[in-house]
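# Results of the structural survey
Next come the chains, spelled out residue by residue.
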Amino acid sequence: MTDECCAYLDHFANSASNFIKCSIERSRPFRFCEECVIPYARAKSIYDDIEKNVGGCHVVLLDADRVQSILQIYTMIKTLWDKSYCDNCFVQESVKEDENGTVTYEFNTDTIDFLDQYKNLTLCIKPYTNGTYPDINKETVVNKTVCSACLQDYSTLNSHFKDIRKTTGGKICMDLVDMMNYTRLMWGGETDLNCTQHDRDDMPVLLTSFIILTTPLLFYGASCICGERRKLKLLTQKRLKNPISVEVSHLNHSSEGNHIYSHTNSVS
């Protein structure tokens, strides 16, 4: 294996390990896309060079064995990035590495606006939680005026998130999804801020579900109360009252027949 291929192998190993380390460390709270974009871009750039057969390293590094460990590792990196919809955090094609190894990227407008609104909401809530938000614990004393004081910031953030969901078809950058989910949980949680406000957009859905669930109950209840019960008529079987007499009668007729037959024979 040439020195150039060895260098590619070392660079990819370092970039892949940095990416995996970053993805684990940024998994909770989930800030994977914005924090791990640099190791991702470097790993992708090196793999692209190998795949383009720069220095004749494609066969040596990718096709030399059945396991294809480099390909498997890169597939894992790409799958993790794609499943998190990280590209939707950035301006299209803005994540790249130049010839000097410098990674550049640019957040798109939706992401920038969301991060600004999230910061505003956090700054609004903190004074009402003794500065502990978002790490509220059982010992935190929450000033209940936070609900009215920060409602506008929360509504703005929540509304913007819904707009992003519509424009992306639900394929939202997972960093934003995690921030919004946690914010909603803290905002409406009974043990947290407890500022739950029913969303007007959800009311038609809730009303329809209620009607669908209660209609069968009302129908069967009304049937039981107002409906007439049918009386079942039992049909009695008509049986012969005296089967023995019938049998005797049959025997008598048979005897008479035999007697007549015998008498006829004697006359003849």
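Residues numbered from 1 in each chain as written. Predicted model: local features only at pLDDT ≥ 70, side-chain atom pairs only at ≥ 80, totals over all residues. Heavy atoms only, no water.

Across all of its chains, the model carries six disulfides by this definition. What pairs with Cys 5 in a disulfide is Cys 57, and their sulfur atoms sit 2.0 Å apart. Across the disulfide from Cys 5 to Cys 57, rotation about the S-S bond amounts to roughly -100°, and the bridge is consequently left-handed. Of this pair, Cys 5 sits in helix H1 (residues 3-25) while Cys 57 is found in the loop between helix H3 (37-51) and helix H4 (58-62), placing the two residues 52 residues apart along the sequence. As far as burial versus exposure is concerned, Cys 5 and Cys 57 are alike and both buried. Across the disulfide from Cys 33 sits Cys 86; the S-S distance is 2.0 Å. For the disulfide bridge between Cys 33 and Cys 86, the dihedral angle about the S-S bond is near -70°, and by the sign convention the bridge is left-handed. Separated by 53 residues along the polypeptide, Cys 33 in helix H2 (residues 32-35) and Cys 86 in the loop between helix H5 (69-83) and strand E1 (96-97) bring together distant segments of the chain. For the pair Cys 33 and Cys 86, one class covers both residues: buried. Here Cys 6 is not disulfide-linked; the sulfur of Cys 5 is the nearest cysteine sulfur, at 7.1 Å. (Disulfide = S-S within 2.5 Å. Helix = DSSP H or I, 4+ residues; strand = E, 2+ residues; numbered from the N terminus. Buried < 20%, exposed > 50% of the residue type's maximum accessible area, 1.4 Å probe, protein only.)

With that out of the way, let us pick up the packing of H1 against H3. Remark: H1 packs on H3, axes separated minimally by 8 Å, with the N-to-C direction vectors making an angle of 150°. Between H1 and H3, the interaxial angle falls into the category roughly antiparallel. The handedness of the crossing between H1 and H3 is left-handed. Only Pro 39, Tyr 40, Arg 42, Ala 43, Ile 46, Tyr 47, Asp 49 and Ile 50 of H3 make contact with H1, whose side of the interface consists of Tyr 8, His 11, Phe 12, Ser 15, Ala 16, Asn 18, Phe 19 and Cys 22. (Axes fitted to C-alpha atoms, helices over the stretch in contact; angles between N-to-C directions. Parallel < 35°, antiparallel > 145°, perpendicular 65-115°, else oblique. Left-handed = near helix turned anticlockwise from the far one by under 90°. Contact = heavy atoms within 4.5 Å.)

Our focus in this paragraph is the packing of helix H6 (residues 109-125) against helix H8 (residues 151-168). The geometry of H6 relative to H8 is characterised by a closest axis approach of 9 Å and an angle of 155° between their N-to-C directions. Of the possible angle classes, the one that applies to H6 and H8 is roughly antiparallel. When the axes of H6 and H8 are compared, the crossing they make is left-handed. Only Asp 153, Tyr 154, Thr 156, Leu 157, His 160, Phe 161, Ile 164 and Thr 167 of H8 make contact with H6, whose side of the interface consists of Asp 110, Asp 113, Phe 114, Gln 117, Tyr 118, Asn 120, Leu 121 and Cys 124. Grouping the constituent residues of the contact of H6 with H8 by class yields eight nonpolar, five polar and three charged. (Nonpolar A, V, L, I, M, F, W, Y, C, P; charged D, E, K, R; others polar.)

Nonpolar side chains collect at one region of the surface, where Ile 20, Ile 24, Ile 73, Met 76 and Leu 80 lie side by side and expose about 390 Å² of accessible area between them. Taken together, the elements giving at least two residues each to the nonpolar patch come down to H1 and H5. Of the residues forming the nonpolar patch, the biggest block, three residues, is contributed by H5. Topologically, Ile 73 is positioned in helix H5. When its relative accessible area of 34% is taken as the criterion, Ile 73 is described as partly exposed. (Patch = residues over 30% accessible without salt bridge, like charges linked within 9 Å, V, L, I, M, F, W, Y side chains within 5 Å. Areas by Shrake-Rupley, 256 points an atom, 1.4 Å probe, with all protein chains shown as cover. Salt bridge = Lys/Arg side-chain N within 4 Å of Asp/Glu carboxyl O.)

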